[in-house]
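So the chains spell out like this:
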Amino acid sequence: MAGLALNMEEDYYGILEISFESDKKGIKEGFKKASMKYHPDKNPGFEEKFILATKAKDILLNEELRKKYDSVLKTRREKEIKIKEKGKIQQKQKEDLIAKEKKYEKERARQEKEAKELYNDIEKIKQQQKQKRDERQNWDAEWKQPKETFHQKEKDPSSQSVVKIAWDRKVEDYSKERISFIFQMFGDLDSIVMGTGKKGTSLISFREEESARAAVSYGQIDQISVQWADSKLHSTSSHTPNHGFGLLRKRNISIDEFRSFEEMVLSKIRRMNQKET
């Protein structure tokens, strides 16, 4: 026994195929099986394992040596467990970071797509406005006002008279006909472009900017929110919301008549909603 020396690189429990909690009886049984398995007379070529099994039995049966061996082994195992746990944490952090990056890229792609679609829709409306203006140049004398006066009222081909509306399809959905019916109270419409996304959206082009401004001044009509399609072209501080009253003088409509028309439109909207539900 005096010649026994601990070597922490050697697995004494493993060579005997016993657990860390094995008692002396379990150690002896483990050595008996290992000696039959590795004995040189029965299995030549396993001399080193037989020697290791014998050493493992002697050390583990020695309480003092086993105590030292178990203490170092326990410390090593705890260290290995900590390393594994740290590795799992680092792996989880790496996976979370990758997931965040993917989410960010997906959101950025979505925003870029929406911006591109908005730009294309505005360009489409510009083309429609230009086409309408070209058509109006050929209108006959049914127009009471001269063409020169009519065109003085027209705006340059831009998005200054275009508004963007949005609504929640889960709460209420609006067809192109309903949108036209609602917003005609503010003035004549050039075109309506319906959005194709999951959220309800549409771009409305008025013939005159004043009509568009009147619609935007409401902010919310029924379940529809109204805003400028391109807010950069309009200063919120330089114009005071007039709720459409700027159009009254042009159309020779009194405030009471305008209010009655407004109430009639909203009443019809509510009746249409009730029928559809």
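Conventions used here
- Residues numbered from 1 in each chain as written.
- Predicted model: local features only at pLDDT ≥ 70, side-chain atom pairs only at ≥ 80, totals over all residues.
- Heavy atoms only, no water.
- Helix = DSSP H or I, 4+ residues; strand = E, 2+ residues; numbered from the N terminus.
- Buried < 20%, exposed > 50% of the residue type's maximum accessible area, 1.4 Å probe, protein only.
- Contact = heavy atoms within 4.5 Å.
- Areas by Shrake-Rupley, 256 points an atom, 1.4 Å probe, with all protein chains shown as cover.
- Pairing = 2+ DSSP bridges.
- Axes fitted to C-alpha atoms, helices over the stretch in contact; angles between N-to-C directions.
- Salt bridge = Lys/Arg side-chain N within 4 Å of Asp/Glu carboxyl O.
- Parallel < 35°, antiparallel > 145°, perpendicular 65-115°, else oblique.
- Nonpolar A, V, L, I, M, F, W, Y, C, P; charged D, E, K, R; others polar.
- Phe/Tyr/Trp six-rings, centres within 6.5 Å; stacked < 30°, edge-to-face > 60°.
- Core = buried A, V, L, I, M, F, W, Y, C linked by side-chain atoms within 4.5 Å.
- Expected span 1.5 Å × (residues − 1).

## Focus on the overall build of the protein
- When helices and strands are counted, the protein shows 9 helices and 5 strands.
- Its helices and strands in sequence order give the protein the pattern α-α-α-α-α-β-α-β-β-α-β-β-α-α, from N to C terminus.
- In the protein, which comprises 277 residues, the share counted as buried stands at 31%.
- Here the contacts in the protein between residues at least 6 apart in sequence split such that 66% fall between residues at least 24 apart.
- Accessible surface, the protein as shown: approximately 19200 Å² in total, 51% of it carbon and sulfur.

## Structural notes on the sheet that holds strand β3 (residues 200-206)
- What the 5 strands build is an open sheet, ordered β2-β3-β1-β5-β4; its pairing is antiparallel. The sheet is open, and its two edges are formed by β2 (189-194) and β4 (220-221), each paired on a single side.
- Direction of pairing for β2 relative to β3: antiparallel, over a ladder of 5 bridges. Counterpart to V193 in the pairing with β3 is L203.
- Each of β1 (162-167), β3, β4 and β5 (224-228) touches helix α7 (residues 209-218); the most contacted strand, β5, lies at about 130 degrees to it.

## Notes on the pattern of salt bridges
- Evaluated as defined, the whole model comprises 18 salt bridges.
- The salt bridge involving E64 is made with K68; its shortest N-O contact spans 3.9 Å. Residue E64 and its partner K68 are located together in helix α4 (residues 63-136), separated by 4 residues, close to a single helical turn.
- Taking the relative accessible area as the measure of exposure, E64 reaches 54% and is therefore exposed.
- Under the relative-accessibility criterion, K68 is labelled partly exposed at 44%.
- For R108, the salt bridge is made with E105, and the minimal N-O distance between the two is 2.7 Å. On the criterion of helical spacing, the pair formed by R108 and E105 is a turn pair, its members being 3 residues apart in helix α4.
- Residues participating in the shared-partner salt-bridge network are E107, R110 and E114.

## Considering the pairing of β2
- With respect to burial, β2 is a largely interior element, 5 of its 6 residues being buried.
- Joining the antiparallel neighbours β2 and β3 is a turn of 5 residues.

## Here we look at the packing of helix α2 (residues 24-38) against helix α3 (residues 47-61)
- Direction vectors running N to C along α2 and α3 enclose 170 degrees, while the axes themselves pass 9 Å from each other. On the basis of their axis angle, the class for α2 and α3 is roughly antiparallel. Residues K24, I27, K28, F31, A34, S35 and Y38 of α2 lie in contact with α3, whose contacting residues are K49, F50, A53, T54, K57, L60 and L61.
- A per-class count over the contact of α2 with α3 returns 8 nonpolar, 2 polar and 4 charged.

## Comments concerning unusual backbone geometry
- Located in the positive-phi region is E17, a residue other than glycine, with phi close to 55 degrees.
- Within the fold, E17 resides in the loop between α1 (12-16) and α2.
- Since its relative accessible area comes to 59%, E17 is described here as exposed.

## Regarding the packing of aromatic side chains
- Summed over all chains, the structure comprises 7 aromatic pairs.
- Where W167 meets Y174, the ring centres are 5.6 Å apart and the plane angle is 75 degrees; that geometry is what we call edge-to-face.
- For W167, a relative accessible area of 5% gives the class buried.
- When its relative accessible area of 3% is taken as the criterion, Y174 is described as buried.

## Looking at the nonpolar core
- Among the nonpolar cores identified, the biggest contains 22 residues, and V163, I165, F183, F186, I204, F206 and V226 are the most heavily contacted of them.
- Sort the elements by how many residues they give to this core and α7 lands first, with 5 residues.
- Not counting residues within four places of it along the chain, the set of residues in contact with I204 comprises S161, V162, V163, I165, I179, F183, L189, S191 and I192.
- One finds Y12, F50, A53 and A56 within the second-largest nonpolar core, a separate group that totals 18 residues.

## What about α3?
- In a regular helix each residue adds 1.5 Å, so 15 residues correspond to 21 Å; α3 covers 21 Å between its end C-alpha atoms and thus fits that length.
- Within the sequence span of α3, burial applies to F50, A53, A56, K57, D58, I59 and L60.
- Tucked inside the fold, the buried residues of α3 contact α1, α2 and α4.

## Digging into α7
- Within α7, 9 of the 10 residues are buried, which leaves the element mostly enclosed by the surrounding structure.
- Along α7, the residues that are buried comprise E209, S211, A212, R213, A214, A215, V216, S217 and Y218.
- Backbone geometry just after α7 places G219 at a positive phi near 80 degrees.

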